[in-house]
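# Architecture at a glance
Chain by chain, the residues run as shown.
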Amino acid sequence: MIHLVGNWKMQLNETESEALAKEVVRLWAAQGAGKPGATVVICPSHMALEECAKAVKGTPVALGAQDVFWEDKGAFTGEISPKTLKELGCEYCIVGHSERRQHLGETDDMVNKKVLALLRHDITPIVCVGETFEERNAGKRDAVVIAQVRAALANASPVGNQRIIVAYEPRWVIGTGKAVAPQDAAEMHLLIRGALEEILAAEARERCSVIYGGAVDAKNLAGFLAMDVIQGALVGGASLKPQEFATMAEIAADAAR
Ligand code: PGA
């Protein structure tokens, strides 16, 4: 299964999000809905989840959130619970995105709590990991990413229908329009798979996928998906362009065959 995940970040208001969700559904229905190998996920901001949930209901497009808190209920001002996300129809949730790590001080420990909370509600965490440019230049790329994977998935053990997606996103590439080479990404995917082998039992590992994120667009997606080890993409900027995103969904479906 190939996952194509659109991360809309804080780019759209509620009306714009609803319109984009409807457009993605319309184009994907026209271009390839029902192609079983690719799952298309849109991740609007929290305030647009309800309207987007209505737009994708009964369609092959799935809904995801961009963040979550780890408790179901309580005095946690400004947060949203996994229980609420579930009630809104979210099947996926991004956690540990580098923008949250950078601007909001999100730590590996927080990411881990969010992963465990999402699994309790059968929501698939899309766990972002990736090194900074400085870390890469200092030769710390592998150690940083392995440590993030280990910490994020500590005590996680998906069973039944539960799934975990790890998104390798080199932080210095996000939003630049210049992706790393597919071979570079594939090397990191293998490294992440190796880390998963160390921390998860075989059964749990089968429920994990690793995808690439960072400046993915309709031009370079096929190159990434040509690498067997890359099982999808997390897309920022290009996911806001409905025609381009639908083309990417088509490419993902073709790669999945
Ligand atoms: P980008 O963002 O595709 O705009 O580089 C990716 C992401 O932040 O997940």
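That block above? That's the structure.
Note that the structure is a prediction, hence the values are computed from the model and not measured. (Residues numbered from 1 in each chain as written. Predicted model: local features only at pLDDT ≥ 70, side-chain atom pairs only at ≥ 80, totals over all residues. Heavy atoms only, no water.)

### Considering the overall build of the chain
Note the cut-off: Secondary structure counts use DSSP, requiring at least four H or I residues in a row for a helix and at least two E residues in a row for a strand, with both numbered from the N terminus. We compute the radius of gyration from the C-alpha atoms alone; for a globule the expected value is 2.2 Å times N to the 0.38, where N is the number of residues. Per-residue accessibility, obtained with a 1.4 Å probe over protein chains only, is compared with the maximum for each type, and a residue is labelled buried under 20%, exposed over 50%, and partly exposed between these values. Any pair of residues with heavy atoms lying within 4.5 Å of one another is described as a contacting pair. Only the protein chains shown count as cover for residues, and all accessible areas are computed by the Shrake-Rupley method using a 1.4 Å probe. None of His or the chain ends enter the tally, which takes Lys and Arg as positive and Asp and Glu as negative. Here the site of a charge means NZ on Lys, CZ on Arg, CG on Asp, or CD on Glu.
Counting its regular elements, the chain contains 11 helices and eight strands. Taken over C-alpha atoms, the radius of gyration comes to 17 Å for the chain, in line with the 18 Å a tight globule of 257 residues would show. Looking at the chain as a whole, 53% of its 257 residues qualify as buried. Sequence separation of at least 24 residues holds for 72% of the intrachain contacts in the chain that already meet a minimum separation of 6. Accessible area of the chain: about 11,300 Å², with a carbon and sulfur share of 51%. Across the chain, the mean location of the 27 positive side-chain charges is 1 Å away from that of the 33 negative side-chain charges.

### Regarding the pattern of salt bridges
Cut-off, in case you're wondering: Basic side-chain nitrogens of Lys or Arg form a salt bridge, by our definition, when they fall within 4 Å of a carboxyl oxygen of Asp or Glu.
Following the criterion strictly, the structure yields 18 salt bridges and no others. Ionic pairing is found between E106 and R100, a salt bridge with its closest N-O pair at 2.9 Å. Ionic pairing is found between K114 and E106, a salt bridge with its closest N-O pair at 2.9 Å. Linked through salt bridges whose partners overlap, the residues forming this network are E131, R136, R141, D142, D184 and E187.

### Quick look at the packing of helix α7 (residues 141-152) against helix α8 (residues 182-199)
Quick reminder of the rule: Here an axis means a line fitted to C-alpha atoms, over the contact stretch when the element is a helix, while the angle between two N-to-C directions is reported on a 0 to 180 degree scale. Comment on the angle field: the value is read as roughly parallel under 35 degrees, roughly antiparallel over 145, roughly perpendicular from 65 to 115, and oblique elsewhere. If you view the pair so one helix is near and one far, a crossing is left-handed when the near helix is turned anticlockwise from the far one by less than a right angle, and right-handed when it is turned clockwise. Here the nonpolar group is Ala, Val, Leu, Ile, Met, Phe, Trp, Tyr, Cys and Pro; Asp, Glu, Lys and Arg are the charged ones; every other residue, Gly included, is treated as polar.
One can describe the packing of α7 onto α8 by two numbers: an axis separation of 10 Å at closest approach and a directional angle of 45°. What the angle tells us is that α7 and α8 run oblique. Crossing of α7 against α8: the hand is right-handed. Along the contact surface, α7 presents R141, D142, V145, I146, V149 and R150, while α8 presents D184, E187, M188, L191, I192, A195, L196, E198 and I199. Residue composition of the contact of α7 with α8, by class: nine nonpolar, no polar and six charged.

### Describing unusual backbone geometry
In the Ramachandran plot, D122 falls in the positive-phi region, its phi being about 55° despite a non-glycine side chain. Tracing the sequence through the fold places D122 in the loop between α5 (108-120) and β5 (124-129). Although it is not a glycine, A215 adopts a positive phi angle of roughly 60°. Within the fold, A215 resides in the loop between β7 (208-213) and α10 (221-225).

### A look at the pairing of β5
Put simply, the rule is: A pair of strands is labelled paired if DSSP reports no fewer than 2 bridges between them.
Within β5, six of the six residues are buried, which leaves it mostly tucked inside the rest of the structure. By the bridge criterion, four bridges tie strand β4 (residues 92-95) to β5 in an arrangement that is parallel. For Y92, the partnering residue across the bridge sits in β5 and is T124. Note: β5 against strand β6 (residues 164-168), four bridges, orientation parallel. Note on β6: the bridge partner recorded for I126 is I165.

### Things to note about the site of the ligand
Heads up, the rule is: Being near a molecule or strand, for a residue, means having at least one of its heavy atoms within 4 Å of it. Any N or O atom pair separated by 3.5 Å or less is treated as a polar contact, with the protein-specific requirement of one donor-capable and one acceptor-capable atom, and with residues adjacent in sequence counted only for side-chain atom pairs.
Near the ligand you find N7, K9, H97, E169, I174, G175, G214, A215, L234, V235, G236 and G237, and these make up its full shell. Measuring from an oxygen atom of the ligand, one finds a side-chain N or O atom of H97 at 2.7 Å. In the model, an oxygen atom of the ligand is placed 2.7 Å from a nitrogen or oxygen of the G175 main chain. In isolation the ligand has 280 Å² of accessible area, and contact with the protein removes 94% of it. Residues belonging to the shell around the ligand are distributed by class as follows: four nonpolar, six polar and two charged.

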